[in-house]
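Tertiary structure, described
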Amino acid sequence: MSAPVTDEISAQLPDGSTRTLPRGASALDLAKTIGARLAKAAVAAEVDGQLVDLTRPLADGAAVRIITANTPEGRDVLRHSTAHVMAQAVCSLWPGARYAIGPAINDGFYYDFELPGGVHFHDEDLARIEAEMRRIIAASQPFAREEHGIAEGLELFADQPFKREIIEQVASAAAGAAKVDAELSAETSSDPAVVTIYRNSDAFVDLCRGPHVPSTDRLGHFKLLRVAGAYWRGDEKRPQLQRIYGTAWESDDELKSYLHRMQEAERRDHRRLGAELDLFSFPEEIGSGLAVFHPKGGLIRRLMEDYSRERHAAAGYEFVYTPHVTKADLFEVSGHLDWYADGMFPPMELDGGQRYYVKPMNCPFHILIYKSRQRSYRELPLRLFEFGSVYRYELSGAIHGLTRVRGLTMDDAHIFCAREQMAGELEQLLRFVLDLLSDFGLADFYLELSTRPEGKSVGTDEEWAEATAALDSVGRQMGLELVLDEGGGAFYGPKISVQARDAIGRSWQMSTIQVDFQLPQRFGLSYVGADNGRHQPIMIHRALFGSVERFLAVLVEHYAGAFPTWLAPVQVKVLPVRDDHLAYAEEVAAELKRQGRRVEVDPAAEPLGARVRRGRLEKVPYLLVVGDDDVTSGTIGVNARGAESPERNVALADFAERLAAEVAAHGAPEAVPER
RNA sequence: GCCCGGGUAGCUCAGUGGCAGAGCAGCGCACUCGUAAUGCGCAGGUCGUGGGUUCAAAUCCCACCUCGGGCUCCA
């Protein structure tokens, strides 16, 4: 009793309507019946919840969604297809090249290669590869999907060891041997017994789950960006491959806009602005990853630290100071030497063989303060805070400006509390964190919960579960997006971290909060409870800025160097129009300084235009121009940073009041000027 | 740590085997100006460091330091 075979099928659209199509019709045919523009913008289809090629014949009754190039899924398809074209181009330019993995990533794609004879790509090769890619695109090659068995697949990729390894691994995973990496899943069919490939031409075949655009003529708005080394399968013990990164978009406008965003990020680079604004430097004489702060950078840093201290005092923290070096024993007890010895500066041998380490963490020192005498439950929670400078031997290749250094200062505190106080303390803490970050102008947050790292941790399952649940519950209460970072915790406990998005939408990990049952145990911490019995406290490790250096770097990039007035090293510059206005300019400056403002006078040795330009390049919030009119009537001309045009004849007292209010308002984000 | 590419004046960079250069910044003098670069002059360099090749090295070779882009790592 089978249904009668007809020549027609029906397809259901996302809006619930259905269309009738001839049997054998594809999603592309469907798109054409809807409109020529849709058919042109389409790059793939979602059929019954699965992404497939546009050209695949539809089953009767299928639910079909046409994926256009300007959607996240559509861009992934474009980028993945562009990666294939790049691999084809590389193989045609370097016969015998082996290609490994080439996925779509955020804003682009990459592909990893091994070139014959150990040859490496050079920057100049990118232009050649791009030219070859444009030739392939112009040839309108179809992406033809084929399915093969495992043995056939291995045969097809006889000269491609990386592809064979992927096929073999997926096949053995299917046999129950192992889990397939997420990384490989895009390369392989959803059915492990089937090897899916895409054939672009006789010369090029790639292993791939798809979907792909129907033909290379759908591509073209791309650019190759850089070459880099990358370990095969991300494993430093495996061969290092040559990776080419590129970006691809659905239109030239989108491509240009992306490249513009990249330029904008470069313009904000704290390493560049740090030198231009004379904030800090990395003298080679000192060593890699070790910064010095110049007066202006030092001033910003002091303002950040002073404000943080004020807030911490108000939040019930007590301030402590601890040394920079310690006997090895302390880090043996804490466990740091077991887990992180490679990341520590090597020990100094002193006093007949006694080993001393420069500290990479402050926690054991704060623990010793806790341990210095017997503690009562009445003292808890005990919150010990320190701007603690620590030194970590970061790998030379990991060092990056102020964001990854070998010497840094943490706004570090450890909260010792009773187990039953933990939840309340965490909640109060997270509110405190978000509030403090907001005062620095960061307002767009999400949270990340990092759980137990498998095989790299200590403690019982119960402790981990309890700590993780506490963090999870507090995170949920904040009403913020909470994402899971599986296995990202420290060896002694899970953590929740606050991620902040900056002015151009990049996210930075800022604060971290960690619950720790282990160190109190290792150090044998206790307090006397109301029941007169001994109890073990738990510890909460937390850093809000993370590292002061890194936080400053984030602020530089967030504000593009144009710090809000309360943090600006120079808040006001007074520019006399001529030398004979200098005395009045000095008076204006003196009055503002008396009110606590940071003011400089730039005398008339150069034309006014040149001094205004310099003030703007220095991103000073207010440039005050004073000339004849102002001297006679006690006014100033106010040139506010980012303002369209200057204000003339402003009464000094009015301006001073406005400035005082702005400084008091702290982190209210203001318009960031373009130059 | 690994792969690739850099390191020349305070900064940005030119200079591919034969005299060490430019612009900006700095200093001096002149200019005295109402909102994004006034003019002239002067000074400034162990060409990252060490070794090698050569009649001759910024330039070619080796090692190291350091910076950048990635990978790995990030308590």
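Remember, it's a predicted structure, so these values are computed and weren't measured experimentally.

Cut-offs applied
- Residues numbered from 1 in each chain as written.
- Chains lettered and ligands numbered in written order.
- Predicted model: local features only at pLDDT ≥ 70, side-chain atom pairs only at ≥ 80, totals over all residues.
- Heavy atoms only, no water.
- Pairing = 2+ DSSP bridges.
- Helix = DSSP H or I, 4+ residues; strand = E, 2+ residues; numbered from the N terminus.
- Axes fitted to C-alpha atoms, helices over the stretch in contact; angles between N-to-C directions.
- Expected span 1.5 Å × (residues − 1).
- Buried < 20%, exposed > 50% of the residue type's maximum accessible area, 1.4 Å probe, protein only.
- Contact = heavy atoms within 4.5 Å.
- Phe/Tyr/Trp six-rings, centres within 6.5 Å; stacked < 30°, edge-to-face > 60°.
- pLDDT = per-residue confidence, 0-100.
- Near = heavy atom within 4 Å.
- Polar contact = N/O pair within 3.5 Å; in protein donor to acceptor, adjacent residues only side chain to side chain.
- Salt bridge = Lys/Arg side-chain N within 4 Å of Asp/Glu carboxyl O.
- Core = buried A, V, L, I, M, F, W, Y, C linked by side-chain atoms within 4.5 Å.
- Left-handed = near helix turned anticlockwise from the far one by under 90°.
- Nonpolar A, V, L, I, M, F, W, Y, C, P; charged D, E, K, R; others polar.
- Right-handed = clockwise from strand over helix to strand, strands pointing away.

Side note on the sheet that holds strand β9 (residues 144-148)
- Read from one edge to the other, the open sheet built from 3 strands follows the order β9-β10-β11, with strand pairing classed as antiparallel. Where the open sheet ends on each side, the last strands, each with one partner, are β9 and β11 (204-207). Sheet twist, expressed as the mean angle between neighbouring strand axes with direction ignored, is 30°.
- Relative to β11, strand β10 (residues 195-201) runs antiparallel, the two sharing 4 bridges. The residue of β11 that forms the bridge with Ile197 is Leu207.

Here's the deal with helix α17 (residues 548-559)
- Here α17 contains 12 residues, and its C-alpha end-to-end distance of 16 Å stays within 8% of the 16 Å for a straight helix at 1.5 Å per residue.
- Most of α17 is tucked away, with 12 of its 12 residues classed as buried.
- The complete set of buried residues in α17 reads Val548, Glu549, Arg550, Phe551, Leu552, Ala553, Val554, Leu555, Val556, Glu557, His558 and Tyr559.
- Ala560, located one to two residues past α17, shows a positive phi value of around 50°.

Concerning the environment of Ala568
- The topology assignment puts Ala568 in the loop between α17 and β29 (572-576).
- Excluding anything up to four places from it in sequence, Ala568 contacts Phe563, Arg598 and Pro621.

Things to note about the packing of aromatic side chains
- For the structure shown, the criterion picks out 28 aromatic pairs.
- Ring centres 6.2 Å apart and planes at 65° place the aromatic pair Tyr99 and Tyr111 in the edge-to-face group. Pair noted here: Tyr99 is in strand β6 (residues 98-99) and Tyr111 is in strand β8 (residues 108-114), with a separation of 12 residues, a long-range link.
- Judged by its relative accessible area of 6%, Tyr99 falls in the buried class.
- On the numbers, 5.1 Å between centres and 35° between planes, the contact of Tyr99 with Phe204 is tilted.

Concerning the confidence of the model for chain A
- For chain A, the mean per-residue pLDDT works out to 91, and 95% of the residues sit at or above 70.
- Mean pLDDT across the secondary structure elements of chain A bottoms out at helix α7 (residues 182-185), with 58, and peaks at strand β16 (residues 318-319), with 98.
- Considering only residues more than four positions removed or in separate chains, one finds that residues 668-675, a stretch of pLDDT under 50, has 17 contacts.
- The complex prediction reports pTM at 0.90, with the ipTM value standing at 0.93.

Description of the environment of Ala139
- Its place among the elements puts Ala139 in the loop between α4 (125-138) and β9.
- Residue Ala139 is classed as partly exposed on the basis of its relative accessible area of 46%.
- Separated by 77 residues in sequence, Ala139 and Thr216 have C-alpha atoms that sit 7.5 Å apart.

Re the protein's contact with RNA strand B
- For RNA strand B, the set of nearby residues contains 59 residues, the closest of which are Tyr231, Gln240, Ser396, Arg613 and Asn639.
- Near the protein, within 4 Å, the atoms of RNA strand B are sugar or phosphate in 53% of cases.
- Contact between RNA strand B and Arg616: a base nitrogen at 2.8 Å from a side-chain N or O atom of the residue.
- Contributions of two or more residues to the surface near RNA strand B are made by β12 (221-231), β13 (240-249), α12 (336-340), α19 (608-617), α20 (628-633) and β32 (635-640).
- The element contributing the most residues to the surface near RNA strand B is α19, with 6 residues.

Re the sheet that holds strand β30 (residues 599-601)
- Pairing in this open sheet of 5 strands is mixed, and the strands run β30-β29-β31-β32-β33 from one edge to the other. Two strands bound the open sheet, and with one partner strand each, they are β30 and β33 (647-651). The average undirected angle you get between the axes of adjacent strands in this sheet is 30°.
- Direction of pairing for strand β31 (residues 622-626) relative to β32: antiparallel, over a ladder of 4 bridges. Residue pairing across strands places Leu623 opposite Asn639, the latter belonging to β32.
- Across the sheet, helix α18 (residues 582-594) touches β29, β30, β31 and β32, and the angle it forms with β30 is around 170°.
- Of the strands in this sheet, β29, β31 and β32 are in contact with α19, which crosses β29 at around 175°.

Comments concerning the pattern of salt bridges
- Scanning all chains against the criterion turns up 47 salt bridges.
- The salt bridge involving Arg243 is made with Asp112; its shortest N-O contact spans 2.6 Å. Highlighted residues: Arg243 in strand β13 and Asp112 in strand β8, separated in sequence by 131 residues. You'll find Arg243 and Asp112 in the same group, each marked buried.
- Note that Arg128 and Asp125 form a salt bridge whose closest N and O atoms lie 3.5 Å from each other. One end of the pair is Arg128 and the other is Asp125, both in helix α4 and 3 residues apart, which spans about a single turn.
- On the basis of relative accessible area, Arg128 is assigned to the partly exposed category, the value being 42%.

Details of the nonpolar core
- Ranked by internal contacts, the top residues of the largest apolar core, which has 60 residues, are Met304, Leu426, Phe440, Ile513, Phe551, Phe563 and Leu567.
- In terms of residue count, the dominant contributor to this core is helix α14 (residues 422-439) (9 residues).
- With near-sequence residues (within four places) excluded, Leu567 lies in contact with Ile300, Leu303, Met304, Phe440, Leu555 and Arg598.
- Membership of the second largest hydrophobic core comes to 50 residues, among which are Val77, Ala83, Leu154 and Ile244.

Considerations on the side chain of Thr247
- Following the sequence through the fold, Thr247 ends up in strand β13.
- Within the local environment of Thr247, its side chain forms a polar contact with the side chain of Trp249, the two groups lying 2.8 Å apart.
- Not counting chain neighbours up to four residues away, the residues in contact with Thr247 comprise Asp107, Gly108, Phe109, His221, Phe222, Lys223, Leu225, Leu255 and Tyr258.

Some words on the packing of α18 against helix α21 (residues 652-664)
- Running from N to C, α18 and α21 cross one another at 35°; their axes reach a closest spacing of 11 Å. The two elements α18 and α21 cross, and the hand of that crossing is right-handed. Judged by residue contacts, Val588, Glu591 and Leu592 of α18 engage Leu652, Phe655, Ala656 and Leu659 from α21.
- Grouping the constituent residues of the contact of α18 with α21 by class yields 6 nonpolar, no polar and 1 charged.

A short note on the pairing of strand β22 (residues 444-450)
- Taking burial as the measure, the 7 residues of β22 include 6 buried ones, the bulk of the element.
- Strand direction decides the pairing type here: β22 and strand β24 (residues 495-501), joined by 7 bridges, are antiparallel. Across the sheet, Leu447 pairs through a bridge with Val498, a residue of β24.
- Pairing of β22 with strand β23 (residues 482-485), which is carried by 4 bridges, proceeds in the parallel orientation. Considered in β23, the bridge of Ser450 is made with Asp485.
- Each parallel crossover has a hand, and for β22 linked through helix α15 (residues 461-477) to β23 it is right-handed.

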